[in-house]
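Residue-level structure breakdown
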Amino acid sequence: MSRICELTGKGRQVGHNVSHANNKTKRTFLPNLQNVTLISDSLGKGVKLRVSTHGLRSVEHVGGLDNWLLKTSDDLLSLRARRLKRDIAKKQQAAA
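The following paragraphs examine the structure supplied in this document. Note that this is a predicted model, so its numbers are computed, not measured.

1. Quick word on unusual backbone geometry
Working note: non-glycine residues mostly have negative phi, and peptide bonds are mostly trans. Notably, asparagine 22 is not glycine yet its phi reads approximately 65°, a positive angle. Its location among the elements puts asparagine 22 in the loop between β1 (13-18) and β2 (24-29). Classification of asparagine 22 by relative accessible area gives partly exposed; the value is 48%.

As structure tokens, this is what we get:
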């Protein structure tokens, strides 16, 4: 399973371990990913996603999963999140 946030697209970064003697060896910095169930207000059900803690804070700040998905561009979202965004948009248009 890839280590990429499904909502923000945040992935691993590459850098160096630097010793006291200033020797540099490659290492990776991994995002803090959590398996969470987020509730969609429009769909009325929970959705399991693999989200970084930064992404989770952003979702709560914006006001929920539905608002976050509708405001975020499709480039950052995973395939599952894009499908979820499409379903939420259809549901909200049918309700309006």
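2. Points about helix α1 (residues 53-62)
Along α1, the positions that sit buried rather than exposed are Gly55, Ser58 and Val59. Within α1, the buried residues cover an arc of 100° as seen down the axis, which keeps them to one side. Among the exposed residues of α1, those pointing more than 90 degrees away from its buried face are Arg57, Glu60 and His61. Where the residues of α1 are buried, they touch β4 (45-52) and α2 (65-71). Downstream of α1 by a residue or two, glycine 63 has a phi angle that is positive, lying close to 115°.

3. Quick notes on the environment of threonine 37
Inspection of the secondary structure puts threonine 37 in strand β3 (residues 33-40). Exposure remark for threonine 37: the relative accessible area of 47% places this residue in the partly exposed category. In this structure the C-alpha to C-alpha distance between threonine 37 and threonine 25, which are 12 residues apart in sequence, comes to 37 Å.

4. Details of the pattern of salt bridges
Pairing between side chains of opposite charge can happen when the charged atoms of each approach one another. Per the stated rule, a full pass over the model turns up two salt bridges. Two residues, arginine 80 and glutamate 6, come together in a salt bridge whose shortest N-O distance is 3.5 Å. One end of the pair, arginine 80, is in helix α3 (residues 79-95); the other, glutamate 6, is in the segment before β1, with 74 residues separating them in the sequence. The class for glutamate 6 is buried, based on a relative accessible area of 10%.

5. Notes on the pairing of β4
Bridge count between β3 and β4: eight bridges; the pairing is antiparallel. Counted as the bridge partner of valine 36 is leucine 49 from β4. Between β3 and β4, which pair antiparallel and follow one another directly, the connecting turn spans four residues, one of which, glycine 44, has a positive phi of 70°.

Cut-off values and rules
Each chain carries its own residue numbering, running from 1 in the direction its sequence is written. Restriction of local features to residues with pLDDT of at least 70 applies here, the model being predicted, together with a cutoff of 80 or more for giving and counting side-chain atom pairs; totals for whole chains, interfaces and linings are based on all residues. Computation of side-chain values covers all heavy atoms of the structure but excludes hydrogens and water. Segments assigned H or I by DSSP are reported as helices when at least four residues long, segments assigned E as strands when at least two residues long, and all are numbered from the N terminus. Burial here depends on accessible area, computed with a 1.4 Å probe over protein chains only, as a share of the maximum for the residue type. Under 20% is buried, over 50% is exposed, and the range in between is partly exposed. Think of the arc as the fan of directions from the helix axis to the C-beta atoms. Any two residues whose heavy atoms approach within 4.5 Å at even a single point are treated as in contact. Think of a salt bridge as a Lys or Arg side-chain nitrogen and an Asp or Glu carboxyl oxygen that are within 4 Å of each other. By definition, two strands form a pair when at least two bridges between them are found by DSSP.

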